[in-house]
Amino acid sequence: MHLKTMKCNPFCLIASLEDPDMFNRPEQRASFEDLFRAFDRNVTFQYFKSFRRVRINFTNALAAAEARAKLHKSDFNGREVRLYFAQSVHIGSPHLEPPKPDKQFLLSPPPSPPVGWEQSKDATPVINYDLLCAIARLGPGEKYELQPGTPTTPSVVVHVCENDQERSGSEENMDGDSRPHPKIIQTRRPEYTPSVMQ
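Throughout what follows, the structure given in this document is the object of discussion. Predicted, not measured: the structure shown is a model, and the values here were computed from it. (Residues numbered from 1 in each chain as written. Predicted model: local features only at pLDDT ≥ 70, side-chain atom pairs only at ≥ 80, totals over all residues. Heavy atoms only, no water.)

Right, let's get into the overall build of the chain. In terms of helices and strands, the chain carries 4 helices and 7 strands. Counting helices and strands in the order they occur from the N terminus, the chain gives β-α-β-β-α-β-β-α-β-β-α. Considering only intrachain contacts with a sequence separation of at least 6, the fraction spanning at least 24 residues in the chain is 53%. Just so you have it, the chain exposes about 17,200 Å², and 55% of that area is on carbon and sulfur atoms. (Helix = DSSP H or I, 4+ residues; strand = E, 2+ residues; numbered from the N terminus. Contact = heavy atoms within 4.5 Å. Areas by Shrake-Rupley, 256 points an atom, 1.4 Å probe, with all protein chains shown as cover.)

A separate point is empty space enclosed by the protein. For the coordinates displayed, the defined rule picks out 1 cavity of 30 Å³ or more. With 3 residues, strand 5 (residues 79-91) is the largest single contributor of residues to the lining of the largest cavity. Grouping the constituent residues of the lining of the largest cavity by class yields 3 nonpolar, no polar and 4 charged. (1 Å grid on protein atoms, 1.4 Å probe; cavity = no way out; pocket = protein on both sides within 12 Å on 5 of 7 lines; lining within 4 Å. Points joined across faces, edges and corners; volume = space filled by probe spheres on them. Nonpolar A, V, L, I, M, F, W, Y, C, P; charged D, E, K, R; others polar.)

One non-glycine residue, Arg52, adopts positive backbone phi at about 55 degrees. Of note, Arg52 is situated in the loop between strand 2 (44-48) and strand 3 (53-57). Of note in the backbone geometry, Asn77 takes a positive phi value of approximately 55 degrees without being a glycine. As for its placement among the helices and strands, Asn77 is situated in the loop between strand 4 (74-76) and strand 5.

Where strand 2 and strand 3 come together, 5 bridges link them in antiparallel fashion. When the sheet's bridge partners are listed, Tyr47 is paired in strand 3 with Val54. Adjacent in sequence and paired antiparallel, strand 2 and strand 3 are bridged by 4 residues, among which Arg52 carries a positive phi angle near 55 degrees. (Pairing = 2+ DSSP bridges.)

This part covers the nonpolar core. Phe32, Phe36, Phe45, Val54, Ile56, Phe58 and Leu83 are the most contacted members of the largest nonpolar core, which has 20 residues in total. Looking at this core, the elements with two or more residues in it are strand 1 (4-16), helix 1 (26-37), strand 2, strand 3, helix 2 (61-71) and strand 5. Here this core takes 4 residues from helix 2, the largest share from any one element. Beyond its immediate sequence surroundings of up to four residues, Phe36 is in contact with Val43, Phe45, Ile56, Phe58, Ala67, Leu71 and Leu83. (Core = buried A, V, L, I, M, F, W, Y, C linked by side-chain atoms within 4.5 Å. Buried < 20%, exposed > 50% of the residue type's maximum accessible area, 1.4 Å probe, protein only.)

What follows is the structure in structure tokens.
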């Protein structure tokens, strides 16, 4: 388990300001900064308008402590200024640790099967010998009634097509000359355009 620790930074103060206009007016900023430059000439400021906070960075920890002691809860432009030492939060180790083994839910690769598991046997395929026999008896030009008709339902009849040789022979006899079979035209592939990127 990681421990959360708070470390106080003795070189930085955080000022809580209630006046939002101070962040927009340079003259008020200058007068605010002059309050802290009396303690340290090299002090720097970072303004956080949305939080209404100012981070004040001192070069000397003693100057930061003295500024806090004298200016905490003091009045600035009719508003109270509160000063706090900046704190840094440190949570556990700086390195990311792997999760605990009891929380690992891996999806791939699949886990080993449980103890005692056996693969089930595939069922034997069902072969309809009556259907195979009926199909084998069919010859070219014959018809086979699959479902006889009733007064309310039609009958289902399969007509077996003639083979190509018999059909071509009958066409020659009827017309006296042979007819060419229609050629199936293959669909063209679209032209390749190098400008289209996939």
